[in-house]
Each structure stands twice: as C-alpha cells, then as structure tokens.
Amino acid sequence: MFYGIIDDTTEQTFKNEGIDLSRLDVNLNLSVARLYEDALKYEKGTVISSTGALITQSGRKTGRSPKDKRIAVDDETMDEIWWGPVNTQLSEHSFDVNHERAVDYLNTQDRVYVVDGYAGWDPKYRLKIRVVCSRPYHALFMYNMLIRPPVDELENFGTPDFTILNAGKFPANRFTEGMGSETSVALSFKKRQMVILGTEYAGEMKKGIFTVMHYYMPKAGVLSLHSSVNVGTDPSDVTLFFGLSGTGKTTLSADVKRFLIGDDEHCWSDNGVFNIEGGCYAKAINLSSEKEPEIFNAIRFGTVLENVTFDSLSHAVDYDSGSLTENTRASYPIEFIPNSMIPCIAGHPKNIVMLTCDAFGVLPPVSRLTSAQAMYHFISGYTAKVAGTEEGVTEPEATFSACFGQPFLVFHPVKYATMLAEKMKQHKTNVWLVNTGWNGGPFGVGSRISLKYSRAIIDAIHSGELENASYTTSPVFNLEIPTTCSNVPDAVLDPSKSWKPESGDYLESVRSLAKLFIKNFETFADQSTPDILASAPKL
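Residues numbered from 1 in each chain as written. Predicted model: local features only at pLDDT ≥ 70, side-chain atom pairs only at ≥ 80, totals over all residues. Heavy atoms only, no water.

(A) Broad picture of the nonpolar core. Residues Met354 and Phe378 are the most contacted members of the largest nonpolar core, which totals 131 residues. With eight residues, helix H6 (residues 203–219) is the largest single contributor of residues to this core. Three or more residues apiece are contributed to this core by two domains, here domain 1 (8–46 + 63–220) and domain 2 (350–535). Beyond its immediate sequence surroundings of up to four residues, Phe378 is in contact with Leu225, Phe242, Met354, Ala402, Cys403, Phe404, Tyr416, Ala417 and Leu420. If you look at the next biggest cluster of nonpolar residues, it comprises 22 residues, including Leu24, Leu90, Ala102 and Leu197. (Core = buried A, V, L, I, M, F, W, Y, C linked by side-chain atoms within 4.5 Å. Buried < 20%, exposed > 50% of the residue type's maximum accessible area, 1.4 Å probe, protein only. Helix = DSSP H or I, 4+ residues; strand = E, 2+ residues; numbered from the N terminus. Domains from an automatic or database assignment. Contact = heavy atoms within 4.5 Å.)

(B) Structural detail: the pattern of salt bridges. Taken as a whole, this structure holds 23 salt bridges when the rule is applied. The residue Arg130 makes a salt bridge to Asp116 at a minimum N-O spacing of 2.7 Å. With Arg130 in strand E8 (residues 127–133) and Asp116 in strand E7 (residues 111–119), this pair connects stretches of sequence that are 14 residues apart. Its relative accessible area of 3% is what places Arg130 among the buried residues. Here Lys206 ties to Glu277 by a salt bridge, and the two come within 2.7 Å at their closest N and O atoms. Of this pair, Lys206 sits in helix H6 while Glu277 sits in the loop between strand E16 (272–275) and strand E17 (279–283), and the two are 71 residues apart along the sequence. For the pair Lys206 and Glu277, one class covers both residues: buried. Sharing partners across several salt bridges, the network here consists of Lys206, Lys207, Lys249, Asp264, Glu265 and Glu277. (Salt bridge = Lys/Arg side-chain N within 4 Å of Asp/Glu carboxyl O.)

(C) Structural detail: the sheet that holds strand E4 (residues 54–56). The five strands are arranged E3-E4-E18-E21-E17 in an open sheet whose pairing can be described as mixed. With one partner strand each, in any of the chains shown, strand E3 (47–48) and E17 form the two edges of the open sheet. Here E3 runs beside E4; their pairing, made up of two bridges, is antiparallel. Of the residues in E4, the one forming a bridge with Val47 is Ile55. Of the strands in this sheet, E4, E17, strand E18 (304–306) and strand E21 (329–333) touch helix H4 (residues 136–145), which is tilted by about 120° from E18. (Pairing = 2+ DSSP bridges. Axes fitted to C-alpha atoms, helices over the stretch in contact; angles between N-to-C directions.)

(D) Region of interest: the packing of aromatic side chains. Using the criterion set out here, one finds 27 aromatic pairs in the structure. Measuring from centroid to centroid gives 5.2 Å for Phe242 and Phe378, while their planes differ by 55°, and the two rings are tilted. Of this pair, Phe242 sits in strand E13 (residues 238–242) while Phe378 sits in helix H9 (residues 371–380), placing them 136 residues apart in sequence. The class of Phe242 is buried, set by a relative accessible area of 0%. (Phe/Tyr/Trp six-rings, centres within 6.5 Å; stacked < 30°, edge-to-face > 60°.)

(E) Seen up close, the domain arrangement of the chain. Each assigned domain of the chain is listed with its residue range as follows: domain 1 (8–46 + 63–220) and domain 2 (350–535). One C-alpha centre belongs to domain 1, the other to domain 2, and the line joining them spans 37 Å. Listed by partner, the interface residues are 15 residues for domain 1 and 12 residues for domain 2. Summing both sides of the interface, domain 1 and domain 2 together bury roughly 1,300 Å²; the carbon and sulfur share of this comes to 72%. For domain 1, the biggest contributors to the area lost against domain 2 are Trp82, His214 and Pro218; these three give 50% of the whole. For the pair domain 1 and domain 2, the number of links is zero salt bridges. Viewed at the interface, domain 2 and domain 1 are joined by five residue pairs in polar contact (both at pLDDT 80 or more). Here the residues of the side of domain 1 that touches domain 2 are counted per class, giving seven nonpolar, three polar and five charged. (Buried area = accessible area lost by both parts, 1.4 Å probe. Polar contact = N/O pair within 3.5 Å; in protein donor to acceptor, adjacent residues only side chain to side chain. Nonpolar A, V, L, I, M, F, W, Y, C, P; charged D, E, K, R; others polar.)

(F) Quick peek at the side chain of Gln373. Secondary-structure assignment places Gln373 in helix H9. In contact with Gln373, not counting residues within four places along its chain, are Arg368, Phe477, Asn478, Leu479 and Ser535.

(G) Summary view of the confidence of the model for the chain. Looking at the chain as a whole, its pLDDT mean stands at 93, while 96% of the residues score no less than 70. Note on residues 387–393: pLDDT is under 50 here. Beyond four places in sequence and across chains, it has eight contacts. (pLDDT = per-residue confidence, 0-100.)

Written out as structure tokens, the structure is:
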C-alpha cells in the first residue's frame, strides 16, 4: 500500500525495481514530522535533542567505505572511466546479484521509505533522484540533502533519472565475484542505479549522487566540482573555494558579508554555478555557538544528528565528545543557514581559492596562480595531515587528492582540469592558492597561520586589492607572492622571511615538499599538456 504523494508512473517504476507492492507499506515522500514519528517508533536509540534535532546512529560504519565502492563495467563505461584504485570494476552480473539481494531484503521489511528529489538547482541540468530505503533516518537524511520539489512537481515526478536502493542493514555476499567484504556500494550508469549493502552510513548516498553527477555533468558540458561557493552583494562577485578536510573550506566560505550558495558540491555550466544539493552535511565535532554560530543554530527540528553523545535526561548534545566517532555529523536543509541564497544559483566565478593546510610551513599564505599553475595544483589537490589527526601520524604527512575530490571522480582528473581551464579563460577568473597551515617553520616549530590573517587575505581577494598588488616570486614552486596585504604582516606573506632558524634550512624544506609534488604527479603526467607539466616545481 502507498502512503504519501504519488504520481501515475510510480507503481510501474516500483514493479520494474522488483519491489513487492502486494505486501509492503511504501511510505512515499512523507513529511518531516511523519519521518520523526517513525524513526522514534521503529529505530532503537533514536531520540530528539534538546534543540529539536533527530539524534540517531549509523550503525557499525561511522564513515564512508571508499575501498568498497565499485562501478559496473559495460560496453560504454569500459573505455571512458578512469579505472584504478578510485574506480574499481564490477561485472554486470555481480551488480545484478547485489541488486537482487537488496530487493529481496527490502521485500522482507514491513515498510520501506521513498524520497524523490533533485540533484542540481539548475532545472536545465538537474537529475531526478529516487531513494528507496528501510530506515526513516535515511529517508530524512536524503530529504535534507536532495533538493525538495514543490508538491505539484512531486505529483508529476515521473520516472527517476537515477535510483538508490539502500539495503545497508543487509550484508553483501562476500563470495560474489568482485566483492571484497560484506560492504558494497555499487553503481551502474547503464541501469542508472546505486545499490548499498553492508553499511548504514548515510553519507554513502550523498557522495554516491556526487559521483553520479561527476559522470553525467561533464557529458553535458558542465564541470562538476568539490567546492563551496559564496557571492557578494554584487551578483558578479562569485567565489569558488576548493579544499580538503581541515583546510578551512567551510569556515572561510561562511562569511556574514556574503551569501552562501553551498558548502560542498557544485557545477559550473554555461549559465554560471549551481549547487548540487539541497542541504548541508556539517561536521559536528567540537561545534560551538561561538566558533560556528550559523551551523550551531541550524541544529533544530528537521536536522539529523549522527553518532553524537548526549545527556540522558536533558538530551543536550556533547559536541566535544568523540566517544562513538570523531566523524559526528549534522544534516540540515540549506535554508537553515540564514545567509543562504535560494535558489542556490549564481553567476560565473570571479575568483577561485584553492585552500591547502601546509604543515611543512613552506608555502606562502597566499599566491596568485597562472592558468597552467591552477591546473597543476587542481590536479594535485595538496594538503598535509599533522600529528594527532590520525593514528600513526607522528610528523607532517603530505596528502594529495586529485581535483580536491579524488574519491568521487569518474573520468581522468585531466578532463576536469581542462574543463576548468577553459572556463577560467572564458570568464577571466582569478585563481589563488591560500595556505591556512603553518608559517615560520613546520608543525611543531612554526605556528598555525592566524584565522584572522586568512580572513583578511580572502577579504583582500574580494575587494580587488590583491589583483592590483605588487608581487615577488617564490623559489622552486615559482609562485607569485604579494608584497603587502591589508591586516597581514609583510613578513608573514613571505615564508622565507618568517622562517625560524631552529626550523632548519628553508630551501631544503621547500625542495623536500617539491619532490613529493613531483612524485605524486607522475600518475597524471601521461595525459597532461606541456604547459601543465611546466608548472611543476623546479628542483
């Protein structure tokens, strides 16, 4: 039996998926209140926080399982996908086995939940997504993360462009060809389906859709990007922020003087940039009203809180606790952020900021990149882990993630970088490399660049000050460094001047990092153009 908003084609599409409508209650596009009710009724341990958010747990897995992500290989995908450690092949037969296993599991449940929504705010390029799952928590999560259609569009939703079958409570069969564990996140672009087994971590659905967009958007001439975006009061003042975890992407793009387009996933089309998502998935560890008031105040009725600890009497959340996982998360609609711009669409970027947290302390706090350098650093996607962030990390460790989002790429990184360069050239976009890491020496000797300096640098980019500044060139990396920037000491801008004697030889440290860049880029050299290769550090 169906409950909720349905259209004429819904019954047939469910039959095509193998869902047994004769015995299941299909809860289709329920309200937030109804999903709360069912989560509290059917999901053990689920409670309402003191501020009205839904507190739940994602089970044994509290993060993504990238090694268990696979893509079904067929005649079309065989020759176009960037196969390797990121994209592992799965036979069509094994995908079908997983699909049947997921359907069989869902058909044993008393009820399933269905969420219909869009990926992409631009109506010209958006995809219709349908999620079928057994947990109301998963349904509410995807209600938040997808773009929520108006009632009249839900009533005429039609056949989805892509379907997620989430049977995460049920394990994959480890003896199925191609399986490496009981966890499987499998995509088939030919069948336009994603099947999840053996993990209840909701973020797999969010990032699965991002992978889907990384496949379909470039085919439509649209560049998909792992970035945040904000815009000033002038609609043409749009900035893209790239950056891996810990670089300040969310913090620096959250600016009370500017409007937020989105915090994580975007596309750049001929019309401008648009957010892929309808919500935000923010880290909640150490969250406070003083440091991040917008996110803190967004945690209210409608928000999903994952894997947090709380007081058993008051249900007040202890955001400083990582007893279940350091990866505590909050999922909420983007309109919960006061300065978000709805619809989440903006013009072409005037500035691109590539953020890195350099724990070696040798990269300048800000440098201006040429087009070729931008492609090189975009493909490199560099940041550094520091001691204490992960088990076994005792000294700074370079980390590279192509296009600042390697786990979600489908095509070779050079394809995305080439599209980026073409758009930058067409729209005369400035590109900046901003280091939010260490200055005066490496981690343990130097000091972390002050957030107020990083904010002052971003302000100077937005005001146009740095576009008209005087520059010097750094050694080895050949980066253009501004000689002055308002509210930032001149010595901080040039790491060679702020370098402390006890940090050792500055140039030797620069060369050490350069060697890591060069070694990492060997993977991409065969498909890179001469000007990209010429932008590598010079030893």
